[in-house]
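One letter stands for each residue in the lines below.
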Amino acid sequence: MSELQLVQILSPEGELLTDPEYPLDISTEEIRALYRDLVMVRRFDVEATALQRQGELGLWAQSLGQEAAQVGSGRALIPGDYAFPTYREHGVAWAKGVPPEKLLGMYRGINHGGWNPHDNDFHLYTLVIGSQTLHATGYAMGIQRDKSNNAVIAYFGDGATSQGDVNEAFTFASVYHAPVVFFCQNNQWAISQPIESQTKVALYKRAAGFGFPGVRVDGNDVLAVLAVTRVALARARAGEGPTLIEAFTYRMGAHTTSDDPSRYRLAQELEEWKLKDPIARVKSYLTRSGLANEDFFADIEKEAEAMASKLRGDIIDAEDPYVEAIFDYVYAEPHPILEAEKNAYINYLESFAEGDKE
Amino acid sequence: MITLGKAINMGLRRALTEDPKVLVMGEDVGKLGGVFRVTENLQTEFGEDRIIDTPLAESGILGTAIGLALRGYRPVCEIQFDGFVYPAFDQITSQLAKMHSRSLGTLKLPVVVRIPYGGGIGAVEHHSESNETYFAHTAGLRVVTCSNPNDAYWMMQQAIQSDDPVIFFEPKRRYWDKAEIDEAAPSLGLHETRTVQEGNDLTLISYGPTVRTAIEVAAVCAKEGRSVEVMDLRTLSPLDLAPVFESAQKTGRVVILHEAPTFLGLGAEIASQITEECFYSLDAPVLRVGGFNVPYPPARLEEHYLPDLDRTLDAIDRAFAF
Ligand SMILES: Cc1ncc(C[n+]2csc(CCOP(=O)(O)OP(=O)(O)O)c2C)c(N)n1
Ligand SMILES: [Mg+2]
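Peer 1: Would you explain the overall build of chain B in this entry?
Peer 2: Looking only at helices and strands, one finds 12 helices and 14 strands in chain B. Computed over its C-alpha atoms, the radius of gyration of chain B comes to 19 Å, within 12% of the 20 Å expected for a compact globule of 322 residues. For chain B, the spread of C-alpha atoms along the principal axes amounts to about 60 × 45 × 40 Å. Counting only residues that meet the buried cut, chain B has 61% of its 322 residues in that class. Counting 29 positive and 44 negative side-chain charges, chain B places the centres of these two groups 3 Å from one another.

Peer 1: What is the right way to look at the sheet that holds strand β10 (residues 202–206) of chain B in this model?
Peer 2: Backbone hydrogen bonds hold the strands of a sheet together, and the pairing may be parallel or antiparallel. Residue and element names in this part refer to chain B. The mixed open sheet is built from five strands, whose spatial order is β9-β11-β10-β13-β14. Looking at strand neighbours, the two that pair on one side only are β9 (194–197) and β14 (287–291), the edges of this open sheet. Between one strand axis and the next, the sheet turns through 25° on average, direction left out of account. Sheet topology note: the strand β13 (residues 254–261)/β14 ladder contains four bridges and is parallel. Following the sheet pairing, P261 is matched in β14 by G291.

Peer 1: Explain the packing of helix α1 (residues 28–53) of chain A against helix α12 (residues 294–317) of chain A to me, please; I cannot follow it from the model alone.
Peer 2: For any two helices packed against each other, the geometry comes down to the angle between their axes and how far apart the axes lie. All names here are of chain A. Interhelical geometry of α1 versus α12 gives an angle of 35° and a closest axis separation of 9 Å. Once α1 is placed against α12, the crossing between them reads as right-handed. Every residue of α12 that contacts α1 at R32, Y35, R36, V39, M40, R43, F44, E47, A50 and L51 is listed here: F296, F297, I300, E301, E303, A304, E305, M307, A308, L311, R312 and I315. Each residue belonging to the contact of α1 with α12 can be placed in one class, and the counts come to 14 nonpolar, no polar and eight charged.

Peer 1: Quick question: what am I supposed to make of the domain arrangement of chain A here?
Peer 2: Interfaces are frequently sized by the accessible area removed from exposure as the parts join. The domains assigned to chain A are domain 1 (28–317) and domain 2 (325–357). Computed from C-alpha atoms alone, the centre-to-centre distance between domain 1 of chain A and domain 2 of chain A is 39 Å.

Peer 1: What's the story with helix α7 (residues 164–176) of chain A in this structure? I'm lost.
Peer 2: The periodicity of an α-helix, 3.6 residues per turn, causes residues three or four positions apart to be oriented the same way. Residue and element names in this part refer to chain A. Helix length check: α7 (13 residues) gives 18 Å between terminal C-alpha atoms against 18 Å at 1.5 Å per residue, within 8%. Taken together, the buried positions of α7 are V166, A169, F170, A173 and S174. Buried residues along α7 cover an arc of 125° about the axis, so they all sit on one side. Packing partners of the buried residues in α7 comprise α6 (131–146), β2 (152–157), β3 (180–186), α8 (206–210) and β7 (243–248).

Peer 1: For this particular structure, what's the right way to read the packing of aromatic side chains?
Peer 2: What characterises a pair of aromatic rings is the spacing of the ring centres plus the angle enclosed by the ring planes. In total, this model carries 41 aromatic pairs over all chains according to the counting rule given. Look at Y155 of chain A and F183 of chain A: their rings are 5.2 Å apart centre to centre, the planes differ by 55°, and that puts the pair in the tilted class. Of this pair, Y155 of chain A sits in strand β2 while F183 of chain A sits in strand β3, and the two are 28 residues apart along the sequence. Here Y155 of chain A matches F183 of chain A in class, with each residue buried. Through pairs of rings, three or more aromatic residues link up here, namely F327, Y345, Y348 and F352 of chain A together with F292, Y296 and Y305 of chain B.

Peer 1: What is the right way to read the environment of L134 of chain A from this model?
Peer 2: Locating L134 of chain A in the fold gives a position in helix α6. Ignoring anything within four residues of it in the chain, the contact list for L134 of chain A reads D165, E168 and A169 of chain A.

Peer 1: Is there a simple way to think about a nonpolar patch on the surface in this case?
Peer 2: A contiguous nonpolar surface patch, about 290 Å² in accessible area, is contributed by F172, V175 and Y176 of chain A. Given a relative accessible area of 55%, V175 of chain A falls into the exposed group.

Peer 1: Teacher, can you tell me more about the packing of helix α8 (residues 210–223) of chain B against helix α12 (residues 309–321) of chain B here?
Peer 2: Residues and elements named next belong to chain B. Packing of α8 against α12 brings their axes to within 10 Å, and their N-to-C directions diverge by 55°. Relative to α12, α8 is oriented oblique. By crossing handedness, the relation of α8 to α12 is classed as right-handed. Taking contact as the criterion, the partners of T213, E216, V217, V220 and C221 in α8 are, on α12, L309, T312, L313 and I316. Here the residues of the contact of α8 with α12 are counted per class, giving six nonpolar, two polar and one charged.

Peer 1: Would you take a moment to explain the domain arrangement of chain B for this structure?
Peer 2: Residue and element names in this part refer to chain B. Per the domain assignment, the segments of chain B are domain 1 (2–179) and domain 2 (194–321). On a C-alpha basis, the centres of domain 1 and domain 2 stand 27 Å from each other. Residue-level contacts link 26 residues of domain 1 with 24 residues of domain 2. Across the interface of domain 1 and domain 2, roughly 2,000 Å² is buried in total on both sides, 47% from carbon and sulfur atoms. Applying the counting criterion to the domain 1 and domain 2 interface returns four salt bridges. Close ionic contact of R234 with D151 constitutes a salt bridge, the shortest N to O distance being 2.9 Å. There are 13 residue pairs in polar contact (both at pLDDT 80 or more) connecting domain 1 and domain 2. Looking at the side of domain 1 that touches domain 2, the elements that each hand over two or more residues are α6 (132–136), β6 (142–145) and α7 (149–161). Here the element with the most residues in the side of domain 1 that touches domain 2 is β6; it accounts for four residues. Split by residue class, the side of domain 1 that touches domain 2 holds 10 nonpolar, 10 polar and six charged.

Peer 1: Whenever I open this one, the pattern of salt bridges confuses me. Can you help?
Peer 2: Proximity of charged atoms lets side chains of opposite charge pair with each other. Residue and element names in this part refer to chain A. This structure, assessed with the given rule, holds 37 salt bridges over all chains. A salt bridge links R230 to E30; the shortest N-O distance between them is 3.8 Å. Note that R230 is positioned in helix α9 (residues 222–237) and E30 in helix α1, a separation of 200 residues in sequence. Between E271 and K274 there is a salt bridge, with its nearest N and O atoms 3.3 Å apart. Here the residue E271 and the residue K274 both occupy positions in helix α10 (residues 267–274), the gap between them amounting to three residues, near one helical turn. Note on E271: relative accessible area 39%, which makes it partly exposed. Counted as one network, the salt bridges with shared partners bring together R43, E47, E305 and R312.

Peer 1: Just checking my understanding: could you explain the interface of chain B and chain A for this structure?
Peer 2: Counting from both sides, the interface comprises 37 residues of chain B and, opposite them, 38 residues of chain A. Summed over both sides, the interface between chain B and chain A buries roughly 3,300 Å², with carbon and sulfur atoms accounting for 61% of that surface. There are two salt bridges connecting chain B and chain A. Two residues, R300 of chain B and D320 of chain A, come together in a salt bridge whose shortest N-O distance is 3.3 Å.

Peer 1: I'm lost on the site of ligand 1 in this one. Help?
Peer 2: Taken together, the neighbourhood of ligand 1 is formed by 20 residues, with Y87, R88, L127 and G159 of chain A together with E58 of chain B sitting nearest. Ligand 1 is flanked by residues contributed from chains A and B. Between ligand 1 and A160 of chain A there is a distance of 3.0 Å, counted from an oxygen atom to a backbone nitrogen or oxygen. Protein chains bury 95% of the 580 Å² of accessible surface belonging to ligand 1 in isolation. Partitioned by chemical class, the residues of the shell around ligand 1 number 10 nonpolar, six polar and four charged.

What counts and what doesn't
Residues numbered from 1 in each chain as written. Chains lettered and ligands numbered in written order. Predicted model: local features only at pLDDT ≥ 70, side-chain atom pairs only at ≥ 80, totals over all residues. Heavy atoms only, no water. Helix = DSSP H or I, 4+ residues; strand = E, 2+ residues; numbered from the N terminus. Rg over C-alpha atoms; globule rule 2.2 N^0.38 Å. Buried < 20%, exposed > 50% of the residue type's maximum accessible area, 1.4 Å probe, protein only. Lys, Arg positive; Asp, Glu negative; His and termini not counted. Charge placed at Lys NZ, Arg CZ, Asp CG, Glu CD. Pairing = 2+ DSSP bridges. Axes fitted to C-alpha atoms, helices over the stretch in contact; angles between N-to-C directions. Left-handed = near helix turned anticlockwise from the far one by under 90°. Contact = heavy atoms within 4.5 Å. Nonpolar A, V, L, I, M, F, W, Y, C, P; charged D, E, K, R; others polar. Domains from an automatic or database assignment. Expected span 1.5 Å × (residues − 1). Arc of directions from axis to C-beta. Phe/Tyr/Trp six-rings, centres within 6.5 Å; stacked < 30°, edge-to-face > 60°. Patch = residues over 30% accessible without salt bridge, like charges linked within 9 Å, V, L, I, M, F, W, Y side chains within 5 Å. Areas by Shrake-Rupley, 256 points an atom, 1.4 Å probe, with all protein chains shown as cover. Salt bridge = Lys/Arg side-chain N within 4 Å of Asp/Glu carboxyl O. Parallel < 35°, antiparallel > 145°, perpendicular 65-115°, else oblique. Buried area = accessible area lost by both parts, 1.4 Å probe. Polar contact = N/O pair within 3.5 Å; in protein donor to acceptor, adjacent residues only side chain to side chain. Near = heavy atom within 4 Å.

Now the structure itself:
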């Protein structure tokens, strides 16, 4: 068996390496900014998890452990590049500038989306596994026809690679040279099922069969993810077609807050992955190289705390949706049957209000 | 007393014990025992060859189940949530449903598709749908749903024994409802409607998750001096409407209650058939109470969408106003 590839620029110990295939031109300021992103995204996720525990959210899907994969790829995008996420890409949303509290709406049960995708070129979360990879491919086909210099990135999980839709997306993108990057976060698990139950071959190698390059990157190395994603996006912009990136990472939390991973995986596994933590390695690099001091880290902690407490306030104050919303956005054009149904229901509700007055 | 979810587990267990050809397959059904624990402990008991954690692909699950059935197995497929059955829609409606007739009766497809369905659990999108109509509308499929643990236990076994494909809808918000089950013998066949309680003034028809609602409605009506007959359809395709006609002829008033949107829902078909069969016995038009004709709303609005006690009582008032 040939050795498996793994692009790495920052080792788990925080040592800076170089990969001739993926040279990274990056300033200290940029690395410090990436560090801030990682900390903010983790703090956001911790707060959302706490909000779920306290009953403010119905459910939460944690990004814990996947911050580098999400921030690194998200920061490789330029304005106008469009991202199609699953339900876990909070770090990409952050990089794209989506206001954090908006990500909580669907998990609180007040909407099915909650942000305008066009505001930040960040599509709505998609819960049906794999579907969005085809939307991303189609969007890229549009970009191609517009002769624009942008590209698209499609996020999906290791489990999703088993879906027909994902394989169809690979086929379409390949056949049309669509400017799309397929970004698979292999976090080793699809709910209770380990990666071995989905594939017998390293995921990045699948790309070859579809006729485009695949690369495996250390998904806990924000610099490597940034470098690899930039190269893939550049290829897409140059009309060379899609790339599959397999970000090798780990789901450090439960699948969602409804899940109990102790039923199917060993605690030891998590302990091993903790040694490869995506944030710790950047911190140790910055510290050891003297590129950041205690004040820098303390300031970011403070900023993260402030963000978390604002998030908490924002979501607790978030208004419940109004009842008519059930009917109002089903169709773009008027629909008499729904109109009648809505009016009948509003009258019905008002009949109780009148009853109360009596 | 056992829960409805546990009753299905026991039904599966018994079927697996009695027939070595029975298999269970789906996402997370093995080690985890399913996200609702309906298949809990089955893999430890029957092994990985019979309780199969499949790749994450619904079309794959159904398509390979068809192949296994062609080879003499009796697969029971789990779809994790109602809204995730659509990737398998071609395999179910074009392949599974039609193979028996295409082969002029040569091929048998004893596949069961378990679908936890309906809302009321505060879930995110795609986890609360009532999509039974798509399947009931497809010739070649049998469609059933249970409302209580005893039916859950027996109907699961009967569905597995059927030589036709059966879509088995499980009312997920009732998984935790408890009741006694009679392990000696089933009281009804798979395709029989049950009269839950007798009454003289109005017939209230329901199935799955809203049967409990219907029973609560009847209790309120009783206090108001209205005697409501409650019927649990159990079988959605084929429908067993003879007892329904009999009841309609007795009471003269019928209300149908289900979670699915009313537009082209089961209620529409039933109302039409009652009108044809019982026209001269009716004192009021057959009325429907159901979900609105909209996508299932976010959790904080679902109480408005779900047909509840009050909306059913309102329909009953209207039926009596004629
Ligand atoms: C079509 C479909 N089938 C099943 C599910 C239920 N489900 C939700 S997440 C999940 C596992 C996804 O695993 P993976 O693709 O690895 O993504 P991860 O959750 O690990 O980020 C499953 C089976 C779904 N959402 N959509
Ligand atoms: Mg995964």
